[in-house]
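Listed below are the residues making up each chain.
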Amino acid sequence: MAAGTASGIDRETLTRLLLEAIGLEEDADLEGDDADTPLLELGYDSLALLQVVGRIEAEFGLLVPDTAINDSATLGSLLASLQNARQTEGMVW
């Protein structure tokens, strides 16, 4: 596994990676009403989402399924996909 461990992926870590991918300040709201809004509507284009997936795979050694990133992906659905991928790979968080 690379720099991080799978145990480091949680809502806070994923939010940080998403915010860094589009250059938003850390205090941007992905916790409130925006948590269930499709990420594309929040300004994340497909390139930004692919960058986040690449960082997750590189830093945490977790293979993110292609189905995790789609037009309706939200913070919650992406976290659920990562948890499913972790369980499939037998990782413990």
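In case you missed it, the structure is sitting above this.
Our subject in this report is the structure included herewith. (Residues numbered from 1 in each chain as written. Predicted model: local features only at pLDDT ≥ 70, side-chain atom pairs only at ≥ 80, totals over all residues. Heavy atoms only, no water.)

### Observations regarding the overall build of the protein
- Of regular secondary structure, the protein possesses three helices and zero strands.
- Listing the helices and strands of the protein from first to last along the sequence gives α-α-α.
- Long-range contacts, defined as pairs at least 24 residues apart, comprise 65% of the intrachain contacts of the protein with a sequence gap of at least 6.
- A total accessible area of about 5200 Å² is found for the protein, and carbon and sulfur atoms account for 49% of it. (Helix = DSSP H or I, 4+ residues; strand = E, 2+ residues; numbered from the N terminus. Contact = heavy atoms within 4.5 Å. Areas by Shrake-Rupley, 256 points an atom, 1.4 Å probe, with all protein chains shown as cover.)

### Concerning the nonpolar core
- Formed by 21 residues in total, the largest nonpolar core has its most connected members in Leu 14, Leu 18, Tyr 44, Ile 56 and Leu 82.
- At the level of elements, helix H1 (11–22), helix H2 (46–60) and helix H3 (75–88) are the ones that each hand at least two residues to this core.
- A per-element tally of this core places H2 first, with six residues.
- Not counting chain neighbours up to four residues away, the residues in contact with Ile 56 comprise Ile 9, Leu 14, Leu 17, Gly 61, Leu 62, Val 64 and Leu 82. (Core = buried A, V, L, I, M, F, W, Y, C linked by side-chain atoms within 4.5 Å. Buried < 20%, exposed > 50% of the residue type's maximum accessible area, 1.4 Å probe, protein only.)

### Digging into the pattern of salt bridges
- Applying the stated criterion to the full structure yields three salt bridges.
- The residue Glu 20 makes a salt bridge to Arg 55 at a minimum N-O spacing of 2.5 Å. Here the residue Glu 20 occupies a position in helix H1, and Arg 55 occupies one in helix H2, the gap between them amounting to 35 residues.
- One salt bridge in this structure joins Arg 55 and Glu 59, with 2.9 Å as the shortest N-O distance. Of the two residues, Arg 55 and Glu 59 are both situated in helix H2; the distance of four residues between them amounts to about one turn of the helix.
- It is possible to trace a salt-bridge network through shared partners that takes in Arg 16, Glu 20, Arg 55 and Glu 59. (Salt bridge = Lys/Arg side-chain N within 4 Å of Asp/Glu carboxyl O.)

### Describing the environment of Thr 67
- Residue position: Thr 67 is located in the loop between H2 and H3.
- The class for Thr 67 is exposed, based on a relative accessible area of 62%.
- Spatially, the C-alpha atoms of Thr 67 and Ser 81 are 8.2 Å apart, while their sequence positions differ by 14 residues.

### Digging into H2
- Here H2 is 15 residues long and its end C-alpha atoms lie 21 Å apart, about the 21 Å a rise of 1.5 Å per residue gives.
- Backbone geometry just after H2 places Gly 61 at a positive phi near 65°. (Expected span 1.5 Å × (residues − 1).)

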